[in-house]
Amino acid sequence: MIPARFFSARWQTALEGVRRWTPSTWAILQPSWLLQPEPAARLLSISCASCAKRQESPQKKMLSEKKLKRYFVDHRRVLVRGGDGGNGASCFHSEPRKEFGGPSGGDGGSGGHVILKVDRQVKSLSSVLTRYQGFHGEDGGRKNCFGRNGGPLYIRVPRGTLVKEGEDTVADLSCPGDEYVAALGGAGGKGNRFFLANDNRAPVTCTRGQPGQERVLFLELKMVAQAGMIGFPNAGKSSLLRAISNARPAVAAYPFTTLKPHIGVVHYEGHQQVTVADIPGIVRGAHQNRGLGLAFLRHIERCRFLLFVVDLSVPEPWVQLQDLKYELEKYEEGLSERPHTVIGNKIDLPEARAHLPELQARLGQTLIPLSATTGENLEALLLCLKELCDNHAEAERACGRQPLSR
Ligand SMILES: Nc1nc2c(ncn2[C@@H]2O[C@H](COP(=O)(O)OP(=O)(O)OP(=O)(O)O)[C@@H](O)[C@H]2O)c(=O)[nH]1
Ligand SMILES: [Mg+2]
């Protein structure tokens, strides 16, 4: 037996802690899969479901509503100006023993365009600045030297960016690699060589380069996903996305953990994929700009079907559902009528199980009770997603349109 004085003060504190442990403390430390019965045989392999971790709140300081909105960059006002054209030169050829060498002023180079380009790596408009100036063309030079053209200036934007000028939508950049010339560069000026004519053998005229086009554009980001998850803060939307896809949005026990939409891809057999967007939480009165407001709902506009995520552990979960639909209708009439399914999350909690029968009775439609944390009944959600996707594709094909894939 080693005497206690041989241990450092730190070790002694640790030993004290061990002595205080009780069986219940051990139970808390056990992984959840040891305490719960094995779920029924799974129809599909959901490796991520078992990996979905419960992350404890890092005691983050609550942000005010005003500050919350600053984090959410999905629209930008941008002033774009094309590069100015270079000026033409006015000079005459001069060489020993050569009289009347003639005009030799070169043209100016054209100004560079400012181009919006979709880049897969860019996920939000936060990297887009408020003003851009294209590269200017070089001035023309002596000896008929033309100025160099200004190169194009690319502004990298995320996929799903809408470009508006005033009220008009001028471009919809929804595919990777899509480009839109936001501002044209100015044409280069002409040097005096250009004005050489039979009746004027020594022109001195040269013109200035034209200024680049100037425009004020509004960029608006609309995520492109097939399914959109809508729910109150803390309903477990991000946990669910982590469980069914490889996306890794933050999960924590405080509201508004998610401040920008995340997209996850759910993989099925036969290389079929369904994209699911996790939208920041909606609160009652969002249409009056409460919480994060309704600004982020523009991401749902493009979703083909919706997943309403309800927290079953709250006292009256059906009220949450009514509020969600009400807020959607306030944003855009008919939005809540899109093909959708209702998900009752946190079924692993006893109070959630107690609320389930009443919610089902009030709902009058099928509800998928599941647990994002334990992975219980996730198969039902995956099958339902696939069905919604197949139905959508069929409907699109019937109308002669190409269904949205990813
Ligand atoms: N018991 C239990 N807790 C869950 C479950 N799903 C999520 N949670 C917990 O609920 C809390 C909120 O989860 P999130 O996934 O961040 O919720 P959210 O809907 O994304 O929240 P916001 O981003 O704020 O809108 C976290 O503490 C999760 O651990 C579940 O199925 N069971
Ligand atoms: Mg979240």
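Residues numbered from 1 in each chain as written. Chains lettered and ligands numbered in written order. Predicted model: local features only at pLDDT ≥ 70, side-chain atom pairs only at ≥ 80, totals over all residues.

Operational definition: UniProt positions are given in the numbering used here, feature names are shortened, and annotations may be inferred rather than shown by experiment.
Under an unreviewed UniProt entry, the name given to the protein is Mitochondrial ribosome-associated GTPase 2, and the organism recorded is Loxodonta africana. The UniProt entry for the protein carries the following comment under Subcellular location (unreviewed entry): "Mitochondrion inner membrane". In its Subunit (unreviewed entry) section, the UniProt entry covering the protein states "Associates with the mitochondrial ribosome large subunit; the association occurs in a GTP-dependent manner."

1. Points about the site of ligand 1
We apply this condition: For each residue, a C-beta atom is placed from the backbone, and the residue is labelled near a molecule or strand when this atom is within 6 Å of it. Runs of H or I in DSSP of at least four residues are treated as helices and runs of E of at least two as strands, each being numbered from the N terminus. In this classification, the charged set is Asp, Glu, Lys and Arg, the nonpolar set is Ala, Val, Leu, Ile, Met, Phe, Trp, Tyr, Cys and Pro, and all remaining amino acids, among them Gly, are polar.
Close to ligand 1 lie 25 residues, the nearest being G236, S238, A253, T258 and G281. Looking at the shell around ligand 1, the element that brings in the most residues is helix α6 (residues 237–244), giving three residues. The residue inventory of the shell around ligand 1, partitioned by class, reads 10 nonpolar, 11 polar and four charged.

2. Observations regarding the sheet that holds strand β11 (residues 273–278)
We count it as follows: Being paired, for any two strands, means DSSP has found at least two bridges between them. With axes taken as lines fitted to C-alpha atoms, and helix axes fitted only over the stretch in contact, angles between N-to-C directions fall between 0 and 180 degrees. Contact between two residues is assigned when their C-beta atoms, built from the backbone, lie within 7 Å.
The six strands are arranged β10-β11-β9-β12-β13-β14 in an open sheet whose pairing can be described as mixed. Across the chains shown, the open sheet's two edge strands, defined by having one partner strand only, are β10 (262–267) and β14 (367–369). Ignoring which end each strand starts from, the neighbouring axes of this sheet average 25° apart. Where strand β9 (residues 227–231) and β11 come together, three bridges link them in parallel fashion. Considered in β11, the bridge of M229 is made with D278. Contacts from α6 reach β9, β10, β11, β12 (305–311) and β13 (340–345), with the element oriented near 160° to β11. Sitting on the sheet, helix α9 (residues 350–363) touches β13 and β14, and the angle it makes with β14 is about 165°.

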